[in-house]
Amino acid sequence: MLHRRRHHEVRESLSRGQRPRNILVVCYGNVCRSPYLQAVLQRALPDLAVKSAGFFGSDRALPEISVALSAKRGLDLSQYRSRPLRQSTVSSADLVIVMDSYQARQIRRLFPRNRAPIVVAGDLDPKFDSSRAITDPWNRSSDVFEASFNRLDRCAATLVSILQRPK
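How each quantity is defined
Residues numbered from 1 in each chain as written. Predicted model: local features only at pLDDT ≥ 70, side-chain atom pairs only at ≥ 80, totals over all residues. Heavy atoms only, no water. Buried < 20%, exposed > 50% of the residue type's maximum accessible area, 1.4 Å probe, protein only. Helix = DSSP H or I, 4+ residues; strand = E, 2+ residues; numbered from the N terminus. Contact = heavy atoms within 4.5 Å. Polar contact = N/O pair within 3.5 Å; in protein donor to acceptor, adjacent residues only side chain to side chain. Pairing = 2+ DSSP bridges. Right-handed = clockwise from strand over helix to strand, strands pointing away. Axes fitted to C-alpha atoms, helices over the stretch in contact; angles between N-to-C directions.

Observations regarding helix α3 (residues 64-72)
Moving on, step 1. Looking only at α3, the buried set comprises S66, V67, L69 and S70.
Moving on, step 2. Of the surrounding elements, those touching the buried residues of α3 are α2 (33-44) and α6 (142-164).
Moving on, step 3. Of the residues flanking the end of α3, it is G74, one or two places downstream, whose phi is positive at about 85°.

Structure, rendered in structure tokens:
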């Protein structure tokens, strides 16, 4: 029931608001979930600027399994390098998408002047999973990567349908 309500509320909120021009996707290390969702959204919404960043590390390559699974889905992430979360990146975003509620709280704490809405990606998923959070597949099996990417695909499809709808 809680998921259904959150899903409805995030759809309503994004539908009522101004269409974002700059989307920031955030995950812990910016090497699995956020680069993948960035690529999916950029392909579906080429007129928008979509960036991604993480709380930890910088200039790291994606795990091979992430690159391979992304390639099977038509996305080339072979040259992607992780980026750190910075004030300038957050402040330029019109919409921030995070992978769990802890990350949303961290962004509010670290960047208190941020005015962009912060959305937990799992709230965009029309299908309830075991948690609101998108599972971090780092150092996990290809099945976990596949499940996380499938869920991110559903989240992206919801967001794209909202943003492509005429107001």
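Now that the structure has been shown, the text picks up again.
Section: the side chain of S82
Moving on, step 1. Structurally, S82 is set in the loop between α3 and α4 (87-91).
Moving on, step 2. The class of S82 is buried, set by a relative accessible area of 4%.
Moving on, step 3. A distance of 2.8 Å separates a polar side-chain atom of S82 from the backbone nitrogen of R60.

Considerations on the pairing of strand β3 (residues 95-98)
Moving on, step 1. Neither face of β3 is left uncovered, since the one carrying L95 and I97 and the one carrying V96 and V98 both have all their residues buried.
Moving on, step 2. In this structure, strand β1 (residues 22-27) lies alongside β3, joined through 3 bridges in parallel fashion. Along β3, the bridge assignment pairs V25 with I97.
Moving on, step 3. Where β3 lies against strand β4 (residues 118-120), 3 bridges are found, and the strand directions are parallel. Residue pairing for β4: V96 is matched across the bridge by I118.
Moving on, step 4. The handedness of the β3 to β4 crossover, carried by helix α5 (residues 101-110), is right-handed.

Remarks on the sheet that holds strand β2 (residues 49-54)
What holds strands together in a sheet is hydrogen bonding between their backbones, with the strands either parallel or antiparallel.
Moving on, step 1. Overall, parallel pairing links the 4 strands, which are arranged β2-β1-β3-β4 in an open sheet. Two strands in the sheet have a free side with no partner beyond their single neighbour: β2 and β4. Sheet twist, expressed as the mean angle between neighbouring strand axes with direction ignored, is 25°.
Moving on, step 2. With 6 bridges connecting them, β1 and β2 associate as parallel partners.

A few points about unusual backbone geometry
Moving on, step 1. Non-glycine residue D59 carries a positive phi angle of around 60°.
Moving on, step 2. One can find D59 in the loop between β2 and α3.
Moving on, step 3. Even without being a glycine, N139 presents a positive backbone phi close to 60°.
Moving on, step 4. Within the secondary structure, N139 is located in the loop between β4 and α6.

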